[in-house]
Protein chains: 2
Amino acid sequence: MTRLFLTLRYRGTNYHGWQVQPNGVTVQETLQDAIETVTGVRAGVIGCSRTDAGVHAEKFCCTFDTECPLRGERLALALNANLPFDVAVSDVREVAADFHPRYDARGKRYIYRIWNGRQRNPFYEENAVHIAVPLDDAKMNAAAKDFLGKHDFAPFCAAGSSVEDTVRTVSRCDVERDGDLVTVTVEADGFLYNMVRIMVGTLLDIAGGRLAEDAIPAIFEQNVREAAGTTAPAKGLTLQDVFYD
Amino acid sequence: MTRLFLTLRYRGTNYHGWQVQPNGVTVQETLQDAIETVTGVRAGVIGCSRTDAGVHAEKFCCTFDTECPLRGERLALALNANLPFDVAVSDVREVAADFHPRYDARGKRYIYRIWNGRQRNPFYEENAVHIAVPLDDAKMNAAAKDFLGKHDFAPFCAAGSSVEDTVRTVSRCDVERDGDLVTVTVEADGFLYNMVRIMVGTLLDIAGGRLAEDAIPAIFEQNVREAAGTTAPAKGLTLQDVFYD
């Protein structure tokens, strides 16, 4: 048996997220189907995170164990020939038998796109949220710096999550404007369920005056989900990179 | 009657190009339907060019005459509420009654995207052509400079076109790489039918060694369509800007 490490890109629009579930087609299931077609064996694929329905990935990492002799580009080509248009393998390599794509990740980068033009943009229909009211991106970027560092992100975690340790370290949180496109970039050593979407929702609430400019330190202080802002829609979110040693 | 000037964005994938035709749904027809719904009157819309099936537009300009009192953002919002997800009005303004979006344009800029990664990219499925073999973009960019200036572009015009004057002036032709994405940018005072697609196809033939590095001056010399390269697929092409005085 060899453990293979796959890098994927996918558009999340047509999927009920990464993880296999009974209610709809997921990326994990779709990939497992392609692997079964190519190798003849159904393998369990382990992902680097559980992206929500509608969330996209420029780089998603996962592993599976196989005795198939295909490697590298040849396996990637074979899998891509059996995957739908909105999922593709970018890279395949061998890793150690004990490598784990989630536990061995030392961090990830997400981006969240906001189309801030007055009218909707067909090119950002599925991968950005449209906010027609002009956003004060400088104000958002200043507030975003309050996320930096090591904090208990419990208020930025969806209610009902069962994770025990909610302390994470955010090493980057930038809000940048390129014309009418506003992009929030967040890097951290790990992410809680809905963490980026609640962080972005909070920044949008600050921009809209529903929360004060200095709300974030107070939210950390209160340490309850209700103190933070709304959860921004899934479709604006893209997992952009996963970092390993 | 007032002549209104509309700026549109559209994803061309689901359309048989701009111009109304019997065989399929076009962007012009779709827009005319929305205008009729909003204003109550069916108006003829005049476009700045006739994009092919599958070609996209970040900025497409067109005009129509109306007695509807709606203007500017309010009309754009009303039209966008009646347009499908892949077409949207970005801007509406009044122009002189004799303004013509095609004859008054003094130039246009197109971009052509090539996804040059080894594996296909789901995010460039509809708006780029995938070429897996590494392209020598520096060689393509050097050859692209041979397009600059005033030439008879007859060899870069689809056979069967009825246009009489095939002389055009290209003011920009750049091939740039950003990671695995190669973008060809072409600006000219006007474009013949399939001109950018044949220019790009010729650059790709030069990159692939099917045409010599200095083929372009020789093609102008021979002045026949057969001398030039293949026609690159429509889906890589986007009308990016239209210039008016």
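Above this text sits the structure in question.
Calculation notes
Residues numbered from 1 in each chain as written. Chains lettered and ligands numbered in written order. Predicted model: local features only at pLDDT ≥ 70, side-chain atom pairs only at ≥ 80, totals over all residues. Heavy atoms only, no water. Buried < 20%, exposed > 50% of the residue type's maximum accessible area, 1.4 Å probe, protein only. Axes fitted to C-alpha atoms, helices over the stretch in contact; angles between N-to-C directions. Helix = DSSP H or I, 4+ residues; strand = E, 2+ residues; numbered from the N terminus. Parallel < 35°, antiparallel > 145°, perpendicular 65-115°, else oblique. Left-handed = near helix turned anticlockwise from the far one by under 90°. Contact = heavy atoms within 4.5 Å. Nonpolar A, V, L, I, M, F, W, Y, C, P; charged D, E, K, R; others polar. Arc of directions from axis to C-beta. Polar contact = N/O pair within 3.5 Å; in protein donor to acceptor, adjacent residues only side chain to side chain. Buried area = accessible area lost by both parts, 1.4 Å probe. Salt bridge = Lys/Arg side-chain N within 4 Å of Asp/Glu carboxyl O.

> Could you clarify how one ought to interpret unusual backbone geometry in this entry?
Note on backbone geometry: most residues besides glycine have negative phi, and most peptide bonds are trans. We note that N223 of chain A has phi near 60°; this positive angle belongs to a residue other than glycine. Owing to a relative accessible area of 33%, N223 of chain A belongs among the partly exposed residues under this scheme.

> Where do I start with the packing of helix α4 (residues 195-207) of chain A against helix α5 (residues 215-222) of chain A in this structure?
Between two packed helices, both the angle of their axes relative to each other and the distance between the axes serve to describe the pair. Residue and element names in this part refer to chain A. Two elements in contact, α4 and α5, have axes separated by 11 Å at closest approach and are oriented at 130°. Put simply, α4 runs oblique to α5. As for how α4 packs across α5, the hand of that crossing is right-handed. Seen from α4, the contacting residues are T202, L203 and I206; seen from α5, they are A215, I216 and I219. Residue composition of the contact of α4 with α5, grouped by class: five nonpolar, one polar and no charged.

> Would you explain helix α3 (residues 137-144) of chain B in this entry?
Side chains three or four residues apart in an α-helix point the same way, a direct result of the helix having 3.6 residues per turn. Residues and elements named next belong to chain B. Inspection of α3 places M140, A143 and A144 among the buried residues, and these make up the whole buried set. What you see down the axis of α3 is that its buried residues fit within an arc of 105°, all on one side. Lining the buried residues of α3 we find β5 (107-115), β8 (167-178), α4 (195-207) and α5 (215-222). For α3, the N-terminal capping position is held by D136, with its side-chain oxygen 3.3 Å away from the main-chain nitrogen of A138.

> For this particular structure, what's the right way to read the environment of A212 of chain B?
Mapped onto the elements, A212 of chain B comes out in the loop between α4 and α5. Exposure remark for A212 of chain B: the relative accessible area of 43% places this residue in the partly exposed category.

> Looking at this structure, I do not really get α5 of chain B. What am I missing?
Residue and element names in this part refer to chain B. Every buried residue of α5 is accounted for by A215, I216, I219 and F220. Within α5, the buried residues cover an arc of 140° as seen down the axis, which keeps them to one side. Facing away from the buried side of α5, by more than 90 degrees, are the exposed residues E221 and Q222. For α5, the elements touching its buried residues are α3, β7 (149-152) and α4. Immediately downstream of α5, the backbone of N223 shows phi near 60°, a positive value.

> When you look at the interface of chain A and chain B in this model, what are you seeing that I'm missing?
Quoted interface sizes are often the accessible area lost when the parts come together. In this assembly, 27 residues from chain A lie in contact with 27 residues from chain B. Of the roughly 2,300 Å² buried between chain A and chain B, counting both surfaces, carbon and sulfur atoms make up 50%. It is Q119, R120 and F123 of chain A that lose the most area in chain A upon contact with chain B, and together they represent 33% of the buried surface on that side. Among the ionic pairs, R118 of chain B bridges to E73 of chain A, the shortest N-O distance being 3.0 Å. The interface formed by chain A and chain B contains 18 residue pairs in polar contact (both at pLDDT 80 or more). Looking at the side of chain A that touches chain B, the elements with two or more residues in it are β1 (2-10), β3 (56-66), α2 (72-80) and β4 (87-95) of chain A. Class assignment for the residues of the side of chain A that touches chain B results in 13 nonpolar, five polar and nine charged.

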